[in-house]
Structures are given as structure tokens and as C-alpha cells.
Amino acid sequence: MIRDITIGQYYSTDSVIHRMDPRTKILWAIFYMVILFVIDSAAMYFAVLVFTFVMVYSSHVPFKFMLRGLKPIMIIVVITALLNLFTTQGETVLFTVGKLNVTLEGLVLSVKMALRIVLLIVGTSLLTLTTSPTVLSGGLEVLLSPLKKMGVPISVFVMMISIALRFIPTLLEETDKIIKAQTSRGADFENGNILKRVKAMVPILIPLFVSSFRRADELATAMECRCYNCDGERTSYRRYRFTKNDLYALIALIVLCAVLIVIKVVQ
Amino acid sequence: MSNIIEVKNLSYSYSADNLAKDTALVNVSFGFEQGEFIGIAGHTGSGKSTVAQILAGLLTPSEGRIFIDGEEIEDYKEACRALRRRVGIVFQYPEHQLFEETVYKDIAFGPKNKGLSEEEIDRCVRKSALLAGVGEELFEASPFELSGGQKRRVAIAGVLATEPKVLILDEPAAGLDPKSKHRLLKELHKIQKEENTTIILISHSMEDLSEHAQRIIVLNHGVKFKDASPKEIFSSQKALKECGLEIPEIAQVVSLLNSGGMNIGSDIFTLKEAYDTITQKLGVGK
Ligand SMILES: Nc1ncnc2c1ncn2[C@@H]1O[C@H](COP(=O)(O)OP(=O)(O)OP(=O)(O)O)[C@@H](O)[C@H]1O
Ligand SMILES: [Mg+2]
């Protein structure tokens, strides 16, 4: 189960998307999110769906890997869908469960919401899947640098994000190990009611917290030993250049927008 | 005597859908009896930890057959459950699994999960604490304020308290000073003798294995390379080297002495044996 969690992971391979400038990709992801919250008709959803499909395909990240990453959030998707299904008021009542009416509007809305969440996760995880943490934080730093003039501590913020990303797999590995160790001592995480299961998490969470603090402490010391100073002016080893690929990406974005606008106008 | 646990043609791959990818174990077969002391050796990444986790019922094998008390259990899920009940595992750096407020409570976690009565739990805790060398004066201390070595003992006591028939230890001596290491290995012997527990010790150190294990299983790139007594294993120095392992240093000294013309026999692998033989040969000491 633990190995299903792919949030924030980098999938190392070569593809057009991997080679893109991180800044383009970040802007891209932001734009993609905005689009997801703006679209409303089925045709628009279809357009974004096709587009996402093409993106995943061209990123050379296996679909299986993507789907595995979706598994842990499926429960959220299902709950949202169910809530929308049963609580939406509408005119066409399809059927009734107890006192709750399931309407056509509710059905449409719940499908839309589920699709929206799935697309949101797929689209944004594509960013971290195709951009290594170092490159990602580098790009983020450049993008956010205007805020520096306003006194926002950007480099600290970026460092925090890159450390967080870097430690997700480590923490998952650690969690896996602790779960195994406690299982071997007879702990049961799979059976019992909710309260029991929550209680069963204690023997996992405490060692996890303890080791996270220990790691954080060690990391801080190691960084200080190498003279890390968050106030200093940092230069980058990497230069980010706007290349042909980025141009393609922007063209793709414009095409997507055009399609969406056409759909909107036609309706 | 018959094997309490036996695996046949065991294979394991870390990639769920492709057996040929991320393969950690290939066609490994072995078994062991109650009360044996077995060593598992192999280079880094040879599959030692993987095999240990399968034996402890924590990883489901990709392929292979599992026999418990001579009977095959075909359903892997059931086999894992049965293995978990019989096998205790001490992971590398087991101190990272401590979580309770007091040492006593932490050691009691295992027996409590088994649903034992208060008195039974108390008996288990005291017995395993004694075996693992945790003094009763530590019972009320927080496990987080102990030294590294003490923490490790508490963690080992926590596993012992589940009274496993088979105890697997994955590099238990990593990061311990020589004295603590010695004590730990001695305690393992005590557990083996007094409780008739099967001990499976995973280690890089051929010195430790040669001194304690009755049988050593050598893994090489996920394949079982050899399963024999220490004497037999160390007699083929060259083959062992190809697996990335060395025979114990003292055995290398003996072999050098032999090739230098001082004939003292070739199957000497522990310091004590070497000392005895050499002093005898030289006619000093007694
Ligand atoms: N979680 C995992 N995912 C994928 N591959 C893994 C995983 N854990 C181990 N492996 C691979 O399986 C093989 C065997 O690993 P294992 O941990 O069993 O080795 P080991 O003999 O215990 O090594 P060490 O002496 O370093 O502890 C290695 O090639 C390793 O890369
Ligand atoms: Mg290992």
C-alpha cells in the first residue's frame, strides 16, 4: 500500500516534458489548475481529458504508474462523488434512497467533481514526476524572485519545499519499515472498527515523528556545517533557458485555451 | 528432526507486475529445524533482508512454496499469517520502532497484542528483558532517553516478548561497540540454548558467523550460492571471494602460515582454535 503513494516523486526518464524549462512547467501547472476550475460543460471536460491524456503519454511516465498514484486518493474522490450525488437538489429525480433523492443534476455534478479531482492530481503530479526536486526548486526560485524585493524570504521557502519533496520517499520507506516491525510484534492494522484502527496508528506515528525530528536535526547540523545561510545571495549552477520545447508547450496551452473558448462560444 | 519452516523455489520481485524486473531472489530453497543457529551471509544487495522479511511473513513471495511444520500452506496470505505468529524479526536499527512512554510498556506491546493476561504479560516482559539484558531499573524510564545500545536491547526484548519460535536478526550488531556486540551474540546463544529458539543471524561479518552459526547460507545476487557448515564454506576461499565475501581474517592468517610451510591444518576458523593449534605446534603455553 505504501508503495502506491507516488505524490511528489520524480520519475526519471527522458521525454519532451522532462526536458522542458521548469518555469514553463510550473506556470503550466498553475494554468492547468485554473482551467480545471473554470470549465463547466461536458465538451470542455472532454477536451481537457484528451489533453491530459496526451500530456501523460508524451511524458513517458507509464499509465500504470500514474494509476497507482491515484489509488490513495480514490477514497476522497468517492466520498466527494457520493456527497454530491445525494445532496444536490434538482428537478429530474432518478431514484430515491431512503429520504434522499438522486437527481440527474446530482449525478452530472458528482461525475464532474470526481473527474476534476482526478485530473487535478494527474496534471499536477505530472509536474513533480517530470521535474527533479533540484530543478523544480530552482525554477520556483526564479519565478518567485520578484517577491524578494518585497522582502519575502523566497530562498528559505524554496529550500523548505525542496527538502519536503526530497524527504517524501524517505519517510514512506521509514513508514513501511516501522509498519513491518510492529506487524511482526503482532500489531493489527487491517481489522477492527475505525477507532481501533486509529489507535493502531500510534505505534507507527510516534516512531515516525521521532525519526523525522532526528533527521531534521541532523540535516540542519549538516547544512550549517556547510555554511548554509538563508540570508545570503544564492547563485545557481544551472541556467534556465527558454527553448523550442517551451515554445511548443506554450503553443499547446494556447491551443487548449482556443478549443475551450470555441466550445464556450458555440454553446 | 523435521524442518519447522521450509521454503522451496522461492522467488521475489519488488516490482508487482513484472517478475523479471527488480528481482531480489531467484529460486531459493532451504529449511531449518527447531533450535538451529543459522547464518545468512551475502554481499550488499544480495537479498538477505528480502529473504528475512519473507520468512517473517512480511513480504508475500512472488513464487515458491512454503512449508510450516512439514505441511505446505498454499495460500500465501494464510502462510504469511502463520509465519508472523512463529517468527520474530529484529530489523536493522530496531531502536527506531520504540514508541511507548516506558520501557516496560514497549516490551509489553507484543504480548498484549497476543491477548495474554496481565500476569502472562508481566512474565513475558520480565523474561525477555532478562534475556536481552535490560535491567529492571530501566522499566519505568522513557525509551527515548536511553543510550543507543540500551535502546537496541529494549527493542530486541520487545521482539523476544512475543516468544517467537524463530528469531531473525538483520545485522543486529551494526553500530555497536565490540563489547556490546559480543554480549549480544552471547545472549543470542543463551536464547537458543534456553528457549530452543531457532536463531537466524544476518551479517556481513564472517567472524561473527563462523563463531556462532552451525550452518551458513550464502546468497549471491539473489541466488543461493551455498548452504553448508562454516568449515565447508570457508574451505573454498576463492569461490567466496567471487560472491564479494571474505573468509574470517584468522582463517586467512592460517592459510598464509600453511602456504608458508608451517603446517597447522586447514580447517581453523576461530581465534581460539588458531591459538590452541599454533601454541601446541610451537610447544609454548599449555
Ligand atoms: N523497496 C525496494 N524496491 C525495489 N527494490 C528493492 C527494494 N528493497 C530492496 N530492493 C532490491 O532488492 C535487492 C536485494 O535487497 P536486500 O535489501 O534484500 O539486500 P541485502 O542483502 O539485505 O543488502 P544489505 O547487505 O545492503 O542489507 C537489491 O538489489 C535491492 O536493490
Ligand atoms: Mg539488508
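Owing to the predicted nature of the structure, the values given are computational and were not obtained by experimental measurement.

Calculation notes
Residues numbered from 1 in each chain as written. Chains lettered and ligands numbered in written order. Predicted model: local features only at pLDDT ≥ 70, side-chain atom pairs only at ≥ 80, totals over all residues. Heavy atoms only, no water. Salt bridge = Lys/Arg side-chain N within 4 Å of Asp/Glu carboxyl O. Buried < 20%, exposed > 50% of the residue type's maximum accessible area, 1.4 Å probe, protein only. Helix = DSSP H or I, 4+ residues; strand = E, 2+ residues; numbered from the N terminus. Pairing = 2+ DSSP bridges. Axes fitted to C-alpha atoms, helices over the stretch in contact; angles between N-to-C directions. Contact = heavy atoms within 4.5 Å. Patch = residues over 30% accessible without salt bridge, like charges linked within 9 Å, V, L, I, M, F, W, Y side chains within 5 Å. Areas by Shrake-Rupley, 256 points an atom, 1.4 Å probe, with all protein chains shown as cover. Lys, Arg positive; Asp, Glu negative; His and termini not counted. Charge placed at Lys NZ, Arg CZ, Asp CG, Glu CD. Domains from an automatic or database assignment. Buried area = accessible area lost by both parts, 1.4 Å probe. Polar contact = N/O pair within 3.5 Å; in protein donor to acceptor, adjacent residues only side chain to side chain.

### Brief notes about the pattern of salt bridges
- What the rule picks out here adds up to 25 salt bridges over all chains.
- Among the ionic pairs, Glu-141 of chain A bridges to Lys-148 of chain A, the shortest N-O distance being 4.0 Å.
- Classification of Glu-141 of chain A by relative accessible area gives buried; the value is 18%.
- Look at Lys-148 of chain A and you get partly exposed, because its relative accessible area is 33%.
- A salt bridge links Arg-126 of chain B to Glu-136 of chain B, with the shortest nitrogen-to-oxygen separation between them at 2.7 Å. Of this pair, Arg-126 of chain B sits in helix α4 (residues 118-132) while Glu-136 of chain B sits in the loop between α4 and α5 (148-160), and the two are ten residues apart along the sequence.
- We classify Arg-126 of chain B as partly exposed; its relative accessible area is 34%.

### Some remarks on the sheet that holds strand β3 (residues 37-42) of chain B
Residue and element names in this part refer to chain B.
- The strand order β6-β7-β8-β3-β9-β10 describes an open sheet built from six strands, whose pairing is mixed. This sheet does not close on itself; its edge strands, each paired only once, are β6 (87-90) and β10 (223-228). Direction aside, the axes of adjacent strands within the sheet are offset by 15 degrees on average.
- Pairing analysis gives five bridges linking strand β9 (residues 215-220) to β10, with the strands arranged antiparallel. Across the sheet, residue Leu-219 finds its bridge partner in β10, namely Lys-224.
- Sheet contacts for helix α2 (residues 76-86): β6 and β7 (166-170); angle to β6, the most-contacted strand, approximately 70 degrees.
- The strands touched by helix α6 (residues 178-195) are β3, β7 and β8 (198-202); relative to β8, the strand with the most contacts, the crossing angle is about 155 degrees.

### Here's the deal with a positive patch on the surface
- Residues Lys-77, Arg-81, Arg-84 and Arg-85 of chain B make up a contiguous surface patch of positive charge.
- With respect to the helices, strands and loops of the structure, Arg-81 of chain B is situated in helix α2.

### Here's the deal with the domain arrangement of chain A
All names here are of chain A.
- According to the domain assignment, chain A contains domain 1 (2-152 + 239-266) and domain 2 (154-229).
- A separation of 28 Å is found between the C-alpha centroids of domain 1 and domain 2.
- Roughly 1200 Å² is buried in total at the junction of domain 1 and domain 2, and carbon and sulfur atoms are behind 82% of that figure.
- On the surface where domain 1 and domain 2 come into contact, there are zero salt bridges.
- Remark: the boundary between domain 1 and domain 2 carries one residue pair in polar contact (both at pLDDT 80 or more).

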